[in-house]
Structures are given as C-alpha cells and as structure tokens.
Amino acid sequence: MVFVSTGNVLSLITENPSGIIKIGLLVQDNSYRSAIHGAELALLEANEKGGPGGRKFGLAVRSMEGPWGTGSKQAVDLIFNEKVWALMGLHDGRNAHLVEQAATKSQVVFLSAWSADPTLSQAFVPWFFNCVPNDNQQAASLYKEIYEIRKYRNIVVVHGNDYDSGKSYVSFMNFVKMSGKPDPLQFNLEDNAQKTGFLAEKITESDADCIVLFCTTKASLELIRQIRKNNPNPQVFGPLSILNENELPAQELKLFDNNLSVPSGEWPEAENRKFRQEFQKKYGYEPGMTASYSYDAMRILIEAVRQAGKSDYELIQKSLKNIRFNGVTGPVRFDDKGNRMGEFEIKKTRNGVPVTFKNEIPR
C-alpha cells in the first residue's frame, strides 16, 4: 500500500480497489504522520485476517488544512465520493464539529480520536463517538488530583487563546468554580507572547507549588523550559492534547518526561509493548499519543464493521454503541452520548505517553 499526496488529498492505493472496505481518516494537516501510521498499522494487521466476505480494509486519508470549511468538504468527499463505511478524525475541535455535521446528515459514524471538545457529544448525535476522554472528564481528574488528593494551595493556571486550549481551560475552571474554591492565579499566554521568560519569572515570583497548562504543545514545552531554569519544584499538569508528537521532534517531546502529568486510563503493558515494537519496526520511530489513539480508534472501527457484517450505517452504529474493546489506551466503551467511559487518573509521562506501564522498548 502506498500513500500519494496531492494538495489536501492523501490517497491510499491498494491491491484490491474494487472490493475494498474503505474507512475515511481526517487529519489536521499533512504533518500528522504518526496519526496516519497508527491507523495504517491497525489496518495492515486487520487485513491479515480479512474483513466481511474476505474483503480487504483500506484507508482514504484527507488533510483538513486550508481555508475554514475545508474539513467539511473533505468529509463530504470521503462519504459520497470515496463511499467510506465510517469516518475517523485526528484534528482540532473546530474541524471536529464540521465533520460531525457531515456525519449527521449522511448518518455515517464518526469516531474522534483526538479532539476532547465536550460540546461534540452535547449535540446528542447518535453517529458521534469519542475515543479520547473529553475536556470535562480530564478536568475532573485534574481537579481531583490538584485540589483533593495533593491539596495544593498556590496554583497557577496558564491558558492560550486557540480553540482547544480555550475549551480545556473553561472545563477546568468550571470545576473550580463549582467547588467554591478560590480562583487560582491565571495568566493568558497571548498577553505574554514572545515573553515566556518574563511570564516564567512572574510564575516563580508567585511561589506556585502547582502549574496547570492549557496551551499548545510548543508553547507548553517552552514555558516549562523557562520555569525550570529558576524553579525545579512546581508540579506541572495539563490535558492530553499537550502531548501531540506531530507538533514537536521526538527529542524535544522527551523533555516533557517527568515534567508533565496528564489524565489517563491504565494502558496495558503487554499490548503496549507489542504495539510499540511493531510500530517502531515498521516506521522507524516510537509511537506517541496521537499514534496510540489512532491505532485504537481504527481497530475499534474495524471491529464494529466486522460485527455489522455489511455496509449498513445503522448496523455499524449499533455495533459501535455496544462495543467492549481492550485497546492499547485501555478498555474502551461508550456512554449514551458517545463519550468514552472509564476512570482517568493523573500520570506522569515518558516517551510522549502516560507512564502506566514500562514503556521503554528494549534495546
């Protein structure tokens, strides 16, 4: 199988294009190679067994980069031109809403594997499912760890103005307000643009014992670097979205190791070791957070298609609704709104993923 890139379109050439069971993958932009590789690996493994009627699974990939609305057009193209059996997405929340609208109109299931925007499930769309704990679920875990378990008193929150950072920040602050606790000291990253060193000094002067970041991957890493120059003590927390390996080179992503704690379920050790070894063997680098969620999401969709047995959107939706799946990111099942269910505890990170298992590959 070979990917061919032409502008915003990434096509997957297969040996059996006429009888293929296509699953559509929408990614933020063409840099999301680990998201594509995670899905591709799951698909290659599935094709060793074959799909319904012995047919092969195939991947039709579209990039969502471009002017606003491109994501909707790409979703429509996958549904009506590529005739995909299901949609999967690794992109931001704004684009996720566009895909959700297209999926709703066509009644094709849409499984999000990256956006944690809680409003996606609040539309009560039966065709939407989320493989990632949403911002409200992550905020609940962060609040419990910071305020109830560790009982920090000097808390600093830093947030960006991008869509996803804003959603996760609001979810966390809502928990603080509902608890009746005093508001933490807050900084808007955009007010300190190009001045992360100055912001780090203000955080140090605040004598913070806990810092919560709701920023992009690059901004979060730069801020942690600056803070650690003067103060190695404060514990740093944030949502899963910070660990996006498509935004930073692997060597820089490792700088989050033992410096950042995120909400996570229990990732099973044996399954993860096998997945990481196979991924590195095929692609030459270690899988991170987006690769792991992409791999799980694709396997979940493939299982739902197998259970449905045919290209019937309603049967696939029912299969997904009732699925019980053990993935590399832990057990997966969905509530009646399509949210992932489970317990998500705070874990430190290593090699770009939560430390819930010994995630080092033997050398």
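Residues numbered from 1 in each chain as written. Predicted model: local features only at pLDDT ≥ 70, side-chain atom pairs only at ≥ 80, totals over all residues. Heavy atoms only, no water.

## Structural notes on the packing of helix 4 (residues 135–149) against helix 5 (residues 163–179)
Axis separation between helix 4 and helix 5 bottoms out at 9 Å; the angle between their running directions is 50°. Of the possible angle classes, the one that applies to helix 4 and helix 5 is oblique. The crossing of helix 4 and helix 5 is right-handed. On helix 5, the residues touching Asp135, Asn136, Ala139, Ala140, Leu142, Tyr143, Ile146 and Tyr147 of helix 4 are Asp164, Lys167, Ser168, Ser171, Phe172, Phe175, Val176 and Ser179. Its residues assigned to classes, the contact of helix 4 with helix 5 comprises nine nonpolar, four polar and three charged. (Axes fitted to C-alpha atoms, helices over the stretch in contact; angles between N-to-C directions. Helix = DSSP H or I, 4+ residues; strand = E, 2+ residues; numbered from the N terminus. Parallel < 35°, antiparallel > 145°, perpendicular 65-115°, else oblique. Left-handed = near helix turned anticlockwise from the far one by under 90°. Contact = heavy atoms within 4.5 Å. Nonpolar A, V, L, I, M, F, W, Y, C, P; charged D, E, K, R; others polar.)

## Quick look at the state of the cysteines
Formally, a disulfide is one covalent bond, and it connects the sulfur atom of one cysteine to the sulfur atom of another. As enumerated under the stated definition, the model contains zero disulfides in all. Cysteine cysteine 210 shares no disulfide, and the gap to the nearest cysteine sulfur, in cysteine 215, comes to 14 Å. Its relative accessible area of 0% is what places cysteine 210 among the buried residues. Its relative accessible area of 4% is what places cysteine 215 among the buried residues. (Disulfide = S-S within 2.5 Å. Buried < 20%, exposed > 50% of the residue type's maximum accessible area, 1.4 Å probe, protein only.)

## Brief notes about helix 1 (residues 33–47)
With 15 residues, helix 1 extends 21 Å between its outermost C-alpha atoms, agreeing within 8% with the 21 Å of an ideal straight helix rising 1.5 Å per residue. Of all 15 residues making up helix 1, twelve are buried, and the element is well covered by its neighbours. (Expected span 1.5 Å × (residues − 1).)

## With respect to the pattern of salt bridges
On inspection of all chains with the given rule, the structure shows 14 salt bridges. Across the pair lysine 22 and glutamate 82 runs a salt bridge whose closest N-O atoms are separated by 2.5 Å. On the criterion of sequence distance, the pair formed by lysine 22 in strand 3 (residues 21–27) and glutamate 82 in the loop between helix 2 (70–80) and strand 5 (86–90) is long-range, its members being 60 residues apart. Taking the shortest distance from any N to any O, the salt bridge between aspartate 77 and arginine 62 comes out at 2.9 Å. (Salt bridge = Lys/Arg side-chain N within 4 Å of Asp/Glu carboxyl O.)

## Things to note about the confidence of the model for the protein
Low-pLDDT portions of the prediction should not be read for the details of their coordinates. Mean pLDDT over the protein works out to 89, with 91% of the residues at or above the 70 mark. Throughout residues 1–16 the model reports pLDDT below 50, and contacts reaching past four residues in sequence, or to other chains, amount to 37 contacts. (pLDDT = per-residue confidence, 0-100.)

## Side note on unusual backbone geometry
In this structure, phenylalanine 124 takes a positive phi of about 55° despite not being glycine. Among the secondary structure elements, phenylalanine 124 is positioned in the loop between strand 6 (110–112) and strand 7 (128–130).

## With respect to the packing of aromatic side chains
In this structure the tally under the stated criterion is 13 aromatic pairs. Here tyrosine 143 and tyrosine 147 contribute two aromatic rings whose centre-to-centre distance is 4.8 Å and whose plane-to-plane angle is 20°, an arrangement assigned as stacked. In this pair, tyrosine 143 and tyrosine 147 are both assigned in helix 4, four residues apart and thus about one turn of the helix distant. The residues tyrosine 143 and tyrosine 147 share a single accessibility class, namely buried. The ring of tyrosine 285 carries arginine 33 above its face, with NZ or CZ at 3.9 Å from the centroid. Note that arginine 94 overlies the ring of tryptophan 68, its terminal NZ or CZ placed 4.1 Å from the centroid. (Phe/Tyr/Trp six-rings, centres within 6.5 Å; stacked < 30°, edge-to-face > 60°. Lys NZ or Arg CZ within 6 Å of the ring centre and 35° of its normal.)

## Points about helix 5
In an α-helix there are 3.6 residues to a turn, and that puts residues three or four apart on one side. Taking 1.5 Å per residue as the helical rise, helix 5 with its 17 residues ought to reach 24 Å, and the 25 Å between its terminal C-alpha atoms agrees with that figure. Contact partners of the buried residues in helix 5: helix 4, strand 8 (155–159), strand 9 (185–188) and strand 10 (210–214). Of the residues trailing helix 5, glycine 180 is marked for its positive phi of about 85°.

## Quick notes on the pairing of strand 3
Across the seven residues that make up strand 3, a large majority, six, are buried. Bridging between strand 3 and strand 4 (residues 57–63) involves seven bridges; their strand directions are parallel. Among the inter-strand pairings, valine 27 is bridged to a residue of strand 4, identified as serine 63. Handedness of the β-α-β unit built from strand 3, helix 1 and strand 4 comes out right-handed. As defined by bridge partners, strand 3 adjoins strand 5 across five bridges and the pair is classed as parallel. (Pairing = 2+ DSSP bridges. Right-handed = clockwise from strand over helix to strand, strands pointing away.)

## Observations concerning the side chain of aspartate 257
Checked against the element boundaries, aspartate 257 lands in the loop between helix 8 (250–253) and strand 12 (261–264). Buried charge aspartate 257 goes without a salt bridge, the closest partner of opposite sign being lysine 254 at 5.2 Å. (Lys, Arg positive; Asp, Glu negative; His and termini not counted.)

## Side note on the nonpolar core
Of all hydrophobic cores here, the largest spans 94 residues; its most connected members are Leu25, Leu87, Val158, Ile203, Leu213, Phe256 and Tyr293. It is helix 10 (residues 289–308) that contributes the most residues to this core, twelve residues altogether. Once you skip the residues sitting within four places of it in the chain, leucine 25 turns out to touch Ala35, Ile36, Ala39, Leu59, Ala60, Val61, Arg62, Leu78, Met88 and Leu90. (Core = buried A, V, L, I, M, F, W, Y, C linked by side-chain atoms within 4.5 Å.)

## Overview of the pairing of strand 8
Residues in a regular strand point their side chains to alternate faces of the sheet. Here strand 8 lies mainly inside the structure; five of its five residues are buried. Residues Ile155, Val157 and His159 line one face of strand 8 and the alternating positions Val156 and Val158 line the opposite face, and both faces are buried. Sheet topology places strand 8 next to strand 10; five bridges connect them, and they run parallel. Bridge pairing in strand 10 links valine 158 to leucine 213.

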